[in-house]
Amino acid sequence: MDVLVVDHPLAQTRLTAMRRTETDSGVFRASLHELTTMVVYEAARLFAVEKYPIETPVAPTEGTRLANPPLIVPVLRAGLGMADAALALLPESSMGFVGLARDEETHEPRAYMESLPGDLTGQPVLVLDPMLATGGSLLHCCRLLADRGCTDIIICCVLAAPEGVDRLKDSGLPLRLVTASIDQGLNEKAYIVPGLGDAGDRQFGGMRRF
Ligand SMILES: O=P(O)(O)OC[C@H]1O[C@H](OP(=O)(O)OP(=O)(O)O)[C@H](O)[C@@H]1O
Ligand SMILES: O=c1cc[nH]c(=O)[nH]1
Ligand SMILES: [Mg+2]
């Protein structure tokens with residue numbers, strides 16, 4: 001699995017804002033939106049393009065377009081905060097949704113929503129979830145995609161734990177990963193350290209213990 005870490009200074013300043021405890025939910029959401037633009041921009045280097053004839057006001061020339069715009073799939077809830085920024089960069093794309101909530105005791109994902117095309121043969125997919133911790137949630141999501149015939153999955157996240165990266169690598173699924181950081185690891189509650197807390201709660205409210 002290819003892994004790309006977006007270590008651009010402007011990405012790292014947004015990530016710093018997201019990490020800080022005193023950052024309120026409005027600034028957290030704005031920082032995630034801006035950081036998503038940068039992460040998806042880097043991920044899009046991997047997309048195939050095709051040339052086609054266009055005309056400027058001065059002369060005919062060649063234009064460029066995406067050969068096969070990806071289906072965008074945010075993982076609810078936290079991935080919702082990345083959806084607008086990704087769709088703004090990829091206006092030709094469609095969007096599917098997967099809803100997962102991690103059990104606080106077992107840390108296993110519980111699926112509560114799935115809205116995906118039945119056949120993803122030949123369709124690249126861009127999965128959005130800010131957090132890759134144990135990897136259980138993203139693995140569940142990517143298996144749903146692979147079961148529908150998808151062979152080209154790019155995951156965009158903000159923070160990844162080495163444990164989750166290794167789990168995705170070992171899955172044998174056709175994955176590539178773009179992230180703004182690979183952190184130290186997981187604590188005993190399977191939260192990323194130093195991390196940023198619960199990305200869903202920090203955007204939308206809630207009470208989790210880290
Ligand atoms: O790699 P994992 O160990 O599976 O953990 C990562 C998952 O945890 C968070 O979602 P959460 O379950 O908290 O749901 P939420 O987005 O509704 O807050 C996050 O957005 C990932 O989906
Ligand atoms: O650190 C973590 C781990 C899982 N989910 C989160 O939102 N944060
Ligand atoms: Mg959460």
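- As annotated in an unreviewed UniProt entry, the chain carries the name Uracil phosphoribosyltransferase and comes from Actinoplanes hulinensis.
- Turning to the chain, the UniProt annotation filed under Cofactor (unreviewed entry) states: "Mg(2+)".

1. Digging into the overall build of the chain
Move 1: Per the secondary structure count, the chain includes 6 helices and 14 strands.
Move 2: A globule of 210 residues ought to have a C-alpha radius of gyration of about 17 Å, and the chain, at 17 Å, matches this closely.
Move 3: With the C-alpha coordinates aligned to their principal axes, the bounding extent of the chain is approximately 60 × 35 × 25 Å.
Move 4: Looking at the 210 residues of the chain, the share that counts as buried comes to 46%.
Move 5: Restricting to contacts in the chain with at least 6 residues of sequence separation, those with at least 24 account for 63%.
Move 6: Of the roughly 10400 Å² that the chain leaves accessible, carbon and sulfur atoms contribute 52%.
Move 7: In the chain, 19 side chains carry a positive charge and 27 a negative one; their mean positions are 4 Å apart.

2. A closer look at the coordination of the magnesium ion (ligand 3)
Move 1: Donor atoms from the polypeptide that bind the magnesium ion (ligand 3) are Asp198 (OD) and Asp198 (OD), placed at 2.4 to 2.6 Å.
Move 2: With respect to the element layout, Asp198 can be found in the loop between strand 14 (192–193) and helix 6 (199–204).

3. Details of the nonpolar core
Move 1: Within the largest apolar cluster, 31 residues are counted, with the highest numbers of intra-cluster contacts made by Leu35, Leu126, Leu128, Cys156, Val158 and Leu196.
Move 2: Breaking this core down by element, the ones donating at least two residues are helix 1 (9–19), helix 2 (25–43), helix 3 (80–89), strand 7 (125–128) and strand 9 (153–156).
Move 3: In contact with Cys156, not counting residues within four places along its chain, are Val39, Val40, Ala43, Met82, Leu126, Val127, Leu128, Asp129 and Val178.

4. Looking at the sheet that holds strand 6 (residues 109–115)
Move 1: Taken in spatial order, the 7 strands of this open sheet run 1-11-9-7-4-5-6, and their pairing is mixed. The open sheet is flanked by strand 1 (2–5) and strand 6, the only strands paired with a single partner. In this sheet, adjacent strand axes meet at a mean angle of 20° when their direction is disregarded.
Move 2: Summarising the sheet, strand 4 (residues 71–76) and strand 7 pair through 4 bridges and their orientation is parallel. Along strand 7, the bridge assignment pairs Ile72 with Leu126.
Move 3: Where helix 3 meets the sheet, its contacts fall on strand 4, strand 7 and strand 9, and the angle it forms with strand 4 comes to roughly 160°.

5. Considering the state of the cysteines
Move 1: Taken as a whole and assessed by the stated rule, the structure comprises 0 disulfides.
Move 2: As a non-bridged cysteine, Cys150 has Cys142 as the owner of its nearest cysteine sulfur, 8.4 Å distant.
Move 3: A relative accessible area of 3% means that Cys150 is categorised as buried.

6. With respect to helix 5 (residues 162–170)
Move 1: Taken as a whole, helix 5 has its buried residues at Gly164, Val165 and Leu168. Angularly, the buried residues of helix 5 cover 100° about the axis, an arc narrow enough to put them on a single face.
Move 2: Positive backbone phi, approximately 75°, marks Gly172, located one or two places after helix 5.

7. Thoughts on the sheet that holds strand 10 (residues 159–160)
Move 1: Reading across from one edge, 8-10-12 is the order of the 3 strands in this open sheet, with parallel pairing throughout. Pairing within the sheet leaves two strands with one partner each, and these edge strands are strand 8 (131–132) and strand 12 (181–182).

8. A word on the site of ligand 1
Move 1: Looking at ligand 1, there are 17 residues lining it, with Arg77, Arg102, Asp129, Thr134 and Ser137 nearest.
Move 2: Contact between ligand 1 and Gly135: an oxygen atom at 2.8 Å from a main-chain N or O atom of the residue.
Move 3: Between ligand 1 and Asp198 there is a distance of 3.4 Å, counted from an oxygen atom to a side-chain nitrogen or oxygen.
Move 4: Burial of ligand 1 by the surrounding chains reaches 96%, relative to a free accessible area of 500 Å².
Move 5: When contributions to the shell around ligand 1 are tallied by element, the ones reaching two or more residues are strand 5 (97–102), strand 8 and helix 4 (136–147).
Move 6: For the shell around ligand 1, the element with the most residues is strand 5, which contributes 3 residues.
Move 7: Within the shell around ligand 1, the residues separate by chemical class into 7 nonpolar, 5 polar and 5 charged.

Rules used in this analysis
- Residues numbered from 1 in each chain as written.
- Chains lettered and ligands numbered in written order.
- Predicted model: local features only at pLDDT ≥ 70, side-chain atom pairs only at ≥ 80, totals over all residues.
- Heavy atoms only, no water.
- UniProt positions renumbered as here; feature names shortened; annotations may be inferred.
- Helix = DSSP H or I, 4+ residues; strand = E, 2+ residues; numbered from the N terminus.
- Rg over C-alpha atoms; globule rule 2.2 N^0.38 Å.
- Buried < 20%, exposed > 50% of the residue type's maximum accessible area, 1.4 Å probe, protein only.
- Contact = heavy atoms within 4.5 Å.
- Areas by Shrake-Rupley, 256 points an atom, 1.4 Å probe, with all protein chains shown as cover.
- Lys, Arg positive; Asp, Glu negative; His and termini not counted.
- Charge placed at Lys NZ, Arg CZ, Asp CG, Glu CD.
- Donors = N, O, S within 2.8 Å, 3.2 Å for Na, K, Ca; no water.
- Core = buried A, V, L, I, M, F, W, Y, C linked by side-chain atoms within 4.5 Å.
- Pairing = 2+ DSSP bridges.
- Axes fitted to C-alpha atoms, helices over the stretch in contact; angles between N-to-C directions.
- Disulfide = S-S within 2.5 Å.
- Arc of directions from axis to C-beta.
- Near = heavy atom within 4 Å.
- Polar contact = N/O pair within 3.5 Å; in protein donor to acceptor, adjacent residues only side chain to side chain.
- Nonpolar A, V, L, I, M, F, W, Y, C, P; charged D, E, K, R; others polar.

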